[in-house]
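Tertiary structure, described
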Amino acid sequence: MAGTSGRTPLMAGNWKMNLDHLQATHLVQKLDWTLRDGKHDFGAVEVAVLPPFTDIRSVQTLIDGDRLELKHGGQTLSEHDSGAYTGQVSGAFLAKLGCTYVIVGHSECREYLHEGDEAVNAKLKAAYRHSLTPIFCVGEGLEVRQAGEQVEFVLAQVEAGLAGLPAEQAKSIVVAYEPIWAIGTGEVATPEDAQEVCAAIRTKLAELYSGDLADGVRILYGGSVKANNVAAIMAQEDVDGALVGGASLDPVEFASICRYRDHLATS
Ligand SMILES: O=C[C@H](O)COP(=O)(O)O
């Protein structure tokens, strides 16, 4: 069952550079157990984990072996498919490890690895070459927000990232709006802040492609999402899920985020 919009919400846990492969296995087991215990409907709210590269094989083995309904993916990929690119990881390798998703353009990669819009665009294309679904991250820093220029800044990132991407590919993309000032700071954007930019992204997708395509694309919010604030964010019309950092490292908290509908029922 999908949400009222027809878009199936996605809760994706970006572990960043946390948890080794043994810790990863424990977390996935506990997450799955907690969700099942709460009778989670994985068809109604999709759940994915995005561990460091070194954990992915262990996570895949567990998910496949125990037939878990969790999805998994990578945190980035190379724009190249193979060759002399020391330290990089090909989308082909992620696909071989059963990855469904790959994050592209996370603000931490943009900042620490100096990934610009051109590289982000090349990585989105690389993801599609290997049938991976990109979680394409965009978001403004504090200065842009204080200047009130968040919408135009984010839309420029969206347009640059999607340049040359055909509709057959763009229709399956997941976009994640993550205001940088809200990442890991505890400073969550208000539901209205999230809605403003997510709605503008959807309008931009309609302009670049078509209204139908834009209606089907999932747009996530990310930035200090927790069990106690997720329901209000998910109540926004154009927010279709969350990209969760810190709170995804606690399986009980993350399971509670995935089960945000329970909070609605009890509030
Ligand atoms: O990818 C996830 C985001 O960077 C959000 O991280 P956070 O939930 O720790 O603020």
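Just so you know, these numbers come straight off a predicted model, no measurement behind them.

1. Comments concerning the sheet that holds strand E2 (residues 46-50)
Within the closed barrel, the eight strands sit side by side as E1-E2-E3-E4-E5-E6-E7-E8. Their pairing is parallel. The average angle at which neighbouring strand axes cross in this sheet is 25°, direction not considered. Note: strand E7 (residues 218-222) against strand E8 (residues 241-244), two bridges, orientation parallel. Bridge pairing in E8 links Gly222 to Leu243. Sitting on the sheet, helix H12 (residues 251-258) touches strand E1 (10-14), E2 and E8, and the angle it makes with E1 is about 155°.

2. Brief notes about the packing of helix H5 (residues 117-129) against helix H7 (residues 150-162)
It is at 7 Å that the axes of H5 and H7 come closest, and there the two elements cross at 50°. The pairing of H5 with H7 is recorded here as oblique in orientation. Crossing of H5 over H7 shows right-handed handedness. Where H5 approaches H7, its residues Asp117, Asn121 and Leu124 are matched on the opposing element by Gln157, Ala160, Gly161 and Leu162.

3. Re the environment of Leu124
Here Leu124 is to be found in helix H5. Considered as a pair, Leu124 and Thr76 are 48 residues apart in the sequence and their alpha carbons are 9.9 Å apart. Excluding anything up to four places from it in sequence, Leu124 contacts Val104, Pro134, Phe136, Gly161, Leu162 and Ile173.

4. Focus on the pairing of E2
Where a strand is regular, its side chains alternate between the two sheet faces. A large share of E2 lies buried, amounting to five of its five residues. Burial along E2 is two-sided: the residues Glu46, Ala48 and Leu50 and Val47 and Val49 are all buried. Where E1 lies against E2, five bridges are found, and the strand directions are parallel. What sits directly across from Met11, in E2, is Val47. Where E2 meets strand E3 (residues 71-74), two bridges bridge the pair, whose relative direction is parallel. Its bridge partner being in E3, Ala48 is matched across the sheet by Lys71. Chirality of the crossover, the property in question, places the unit of E2, helix H2 (residues 53-65) and E3 among those that are right-handed.

5. Examining the UniProt feature "binding site: substrate" (unreviewed entry) in the chain
According to UniProt, the "binding site: substrate" (unreviewed entry) feature falls on Asn14, Trp15, Lys16, Gly184, Ser224, Gly245 and Gly246. A maximum C-alpha distance of 13.8 Å is found for the annotated residues, which run over 233 residues; spatially they form one tight group. In this structure, Gly245 sits in the loop between E8 and H12. When neighbours within four sequence positions are excluded, Gly245 is seen to be in contact with Asn14 and Lys16.

6. A word on the pattern of salt bridges
Applying the stated rule across the entire model yields 15 salt bridges. The partner of Glu159 in a salt bridge is Lys204, with the nearest N and O atoms 2.9 Å apart. One end of the pair, Glu159, is in helix H7; the other, Lys204, is in helix H9 (residues 191-208), and 45 residues separate them in sequence. Looking at Glu159, the relative accessible area reads 37%, which means it is partly exposed. Take Lys204: its relative accessible area is 10%, and that puts it in the buried class. For Glu207, the salt bridge is made with Lys204, and the minimal N-O distance between the two is 3.1 Å. One end of the pair, Glu207, and the other, Lys204, are both in helix H9, three residues apart, so they sit about a helical turn from each other. Each of Arg7, Arg202, Asp238 and Asp240 takes part in a single network of salt bridges with overlapping partners.

What counts as what
- Residues numbered from 1 in each chain as written.
- Predicted model: local features only at pLDDT ≥ 70, side-chain atom pairs only at ≥ 80, totals over all residues.
- Heavy atoms only, no water.
- Pairing = 2+ DSSP bridges.
- Helix = DSSP H or I, 4+ residues; strand = E, 2+ residues; numbered from the N terminus.
- Axes fitted to C-alpha atoms, helices over the stretch in contact; angles between N-to-C directions.
- Contact = heavy atoms within 4.5 Å.
- Parallel < 35°, antiparallel > 145°, perpendicular 65-115°, else oblique.
- Left-handed = near helix turned anticlockwise from the far one by under 90°.
- Buried < 20%, exposed > 50% of the residue type's maximum accessible area, 1.4 Å probe, protein only.
- Right-handed = clockwise from strand over helix to strand, strands pointing away.
- UniProt positions renumbered as here; feature names shortened; annotations may be inferred.
- Salt bridge = Lys/Arg side-chain N within 4 Å of Asp/Glu carboxyl O.

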